[in-house]
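The primary structure of each chain is shown beneath.
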Amino acid sequence: MQLGQYPAPTHTVAHLSDPHLLTDGLHQYGVIDTEAGLSRALEHLRRLDPVPQALVFTGDLADRGEPAAYARLRELVEPVAADLVGPGGRGAEVVWVMGNHDERAAYSHGLYDTESTAPQDRVHDVAGLRVVALDTSVPGYHHGDLTEEQLDWLAEVLATPAEHGTLLALHHPPIPVPMIEAAAIIELADQHRLAEVIAGTDVRGILGGHLHFTTFSTFAGVPVSVASASCYTLDPAPVGRFISGIDGNQAFTMVHVYADRLVQSVVPLADAPEVTGYAADAAEQLAALTHEERRELLSRKDSPFNATWEDHTSPA
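Each chain carries its own residue numbering, running from 1 in the written order of its sequence. In keeping with the predicted nature of the model, local features appear solely for residues at pLDDT of at least 70, side-chain atom pairs appear and are counted solely at 80 or more, and the whole-chain, interface and lining totals rest on all residues. Side-chain descriptors were evaluated using all non-hydrogen atoms of the structure, hydrogens and water having been removed beforehand.

Asks: Account for the overall build of the protein, naming residues and giving values.
Replies: A run of H or I in DSSP becomes a helix once it reaches four residues, and a run of E becomes a strand once it reaches two; helices and strands are each numbered from the N terminus. Helices and strands together make up the secondary structure of the protein, namely 8 helices and 13 strands. Just to be clear, the radius of gyration here is over C-alpha atoms, and the globule rule we use is 2.2 Å times residues to the power 0.38. Taken over the C-alpha trace, the protein has a radius of gyration of 21 Å; the compact-globule value for 316 residues is 20 Å, and the two agree within 12%. Taken along its principal axes, the extent of the C-alpha atoms in the protein is 60 × 50 × 40 Å. Partly exposed residues are those whose accessible area sits between 20% and 50% of the maximum for their type, while under 20% is buried and over 50% is exposed, using a 1.4 Å probe and protein chains only. Within the span of the protein, comprising 316 residues, buried residues form 47% of the whole. In what follows, a contact means two residues having at least one pair of non-hydrogen atoms within 4.5 Å. Counted over contacts in the protein with a minimum sequence separation of 6, partners at least 24 positions apart contribute 67%. Under the convention used here, Asp and Glu are negative, Lys and Arg are positive, and both His and the chain ends fall outside the count. Where a charge lies is defined by one atom per residue type: Lys uses NZ, Arg uses CZ, Asp uses CG and Glu uses CD. The protein carries 18 positive and 44 negative side-chain charges, and their two centres are separated by 4 Å.

Here it is, written out as structure tokens:
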């Protein structure tokens, strides 16, 4: 059912970040249950319509890079991804990305059953939409960087356009962070080198993490979307603190891909109380109406729909 001027998106991608999974029941900073946060995010994915065709996790998958954390990550995520069956009859593709808290050897073994300490760069095809996972981690450090070999590899990948273009997924987003200045110390180094590679290519969007709060920008003319974390987040307006990590504002971002644009929507993980609304079968009732009838019902201020809504009632 198309209610407005735009058709359905060609692709739907869930962008999650920074689960920082721990093992043995440990809590992050003694407070944050990282597994519970990830589970809340996965439960929200099941509510979406349409379901995402890909789940992109932009790094810091395991808080301490422990092998057991990667095993648990797969146990939690892969069954949910398999259940998210879209119109094509397939479950969602899972795209893992390395972060500064991840360790390459444990990551490659735990997630891909390989033994490697090389950069973990991979290409995924999601029904003609190319998703490139780029490893910006620097072993032993928290800032990001890319080797010349990685940039050459990326240039070779992008030399051939994909049917629906490319999303570039990396942990360290190539943007300024004016709300949290300290993040500049551990940002992606020498960002101009990456800009030179992606300029003029079919890269349509860049997905990043690392910052633990949602923000948006552009880079080399390409939209950049940074997803919040499912563990703790950073308060962009702390009181009397240089940096403040908080147990709140956890979220992920939905990326809807259209022929000529991307639309990013933030999905909070906290369940808030409903104050007004309509039951799910309202969609079926709208589908039975013409476009003109729907506009009269939803747009006219004195229509039965709006009168009920503005009375702050919630019909069953």
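So, next bit.
Asks: Lay out the sheet that holds strand 6 (residues 166-170) in plain terms, naming residues and giving numbers.
Replies: Two strands pair under a simple rule: DSSP has to find at least two bridges between them. Spatially, 6 strands are ordered 4-5-6-7-9-8 in an open sheet, and the strand pairing comes out mixed. Lying at the two open borders of the sheet, with one neighbouring strand each, are strand 4 (122-126) and strand 8 (215-219). The average angle at which neighbouring strand axes cross in this sheet is 20°, direction not considered. Bridging between strand 4 and strand 5 (residues 129-134) involves 5 bridges; their strand directions are antiparallel. When the sheet's bridge partners are listed, Arg-122 is paired in strand 5 with Ala-133. All axes are obtained by fitting lines to C-alpha atoms, using only the stretch in contact for helices, and the reported angles, taken between N-to-C directions, cover 0 to 180 degrees.

Asks: Explain the confidence of the model for the protein to me, and be specific about the residues and the numbers.
Replies: A low pLDDT means the predicted coordinates there should not be read in detail. Scored by pLDDT, the protein has a mean of 94; 97% of the residues are at 70 or more. Across the protein, the secondary-structure element scoring lowest on mean pLDDT is helix 8 (residues 304-310), at 73, and the one scoring highest is strand 6, at 99. Per-residue confidence from the predictor is reported as pLDDT, which spans 0 to 100.

Asks: Outline the layout of surface pockets, listing residues and values.
Replies: Cavities and pockets were defined on a 1 Å grid built from protein atoms only: a cavity is a group of points that admits a 1.4 Å probe but offers it no way out, a pocket is an open group of points flanked by protein on both sides within 12 Å along at least five of seven lines, and a lining residue is one with an atom within 4 Å of any such point. Grid points are joined across faces, edges and corners, and a volume is the space filled by probe spheres set on the points. For the largest pocket, the calculated volume is near 350 Å³. Every residue lining the largest pocket is counted, 19 residues in all, and those nearest its centre are Ile-186, His-210, His-212, Tyr-232 and Leu-234. Residues are grouped as follows: nonpolar covers Ala, Val, Leu, Ile, Met, Phe, Trp, Tyr, Cys and Pro; charged covers Asp, Glu, Lys and Arg; every other residue, Gly included, is treated as polar. Of the residues in the lining of the largest pocket, the class split is 10 nonpolar, 7 polar and 2 charged.

Asks: Can you tell me about the pattern of salt bridges, naming the residues and giving the values?
Replies: Two side chains of opposite charge can pair, provided their charged atoms sit close to one another. Criterion for a salt bridge: a side-chain nitrogen of Lys or Arg within 4 Å of a carboxyl oxygen of Asp or Glu. Applying the stated rule across the entire model yields 14 salt bridges. One salt bridge connects Arg-261 with Asp-260, and the closest N-O pair in it is separated by 3.0 Å. On the basis of relative accessibility, which here comes to 37%, the residue Arg-261 falls in the partly exposed class. Residue classification places Asp-260 among the exposed positions, given a relative accessible area of 56%. Across the salt bridge formed by Arg-300 and Asp-302, the nearest N and O atoms sit 2.6 Å from each other. Judged by its relative accessible area of 36%, Arg-300 falls in the partly exposed class. A residue is classified by how much of its surface remains accessible, and Asp-302, at 58% relative accessible area, is exposed. Three or more residues joined by partner-sharing salt bridges are found here, namely Glu-35, Arg-72 and Glu-75.

Asks: Would you mind going over the pairing of strand 5 in detail, with residue names and values included?
Replies: Remark: a regular strand shows side chains that alternate across the two faces of the sheet. In terms of burial, strand 5 is a largely internal element, 6 of the 6 residues being buried. Hairpin geometry of strand 4 and strand 5 is characterised by an intervening segment of 2 residues between the two adjacent antiparallel strands and by a positive phi of about 50° at Ala-127. Pairing of strand 5 with strand 6, which is carried by 5 bridges, proceeds in the parallel orientation. Its bridge partner being in strand 6, Ala-133 is matched across the sheet by Ala-169.

Asks: Could you give an account of the pairing of strand 12 (residues 251-257), with specific residues and numbers?
Replies: The buried fraction of strand 12 is high, at 7 of 7 residues. Burial along strand 12 is two-sided: the residues Ala-251, Thr-253, Val-255 and Val-257 and Phe-252, Met-254 and His-256 are all buried. Sheet topology places strand 1 (residues 11-16) next to strand 12; 5 bridges connect them, and they run antiparallel. Pairing of Thr-12 across the sheet is with His-256, part of strand 12. Pairing of strand 12 with strand 13 (residues 262-268), which is carried by 7 bridges, proceeds in the antiparallel orientation.

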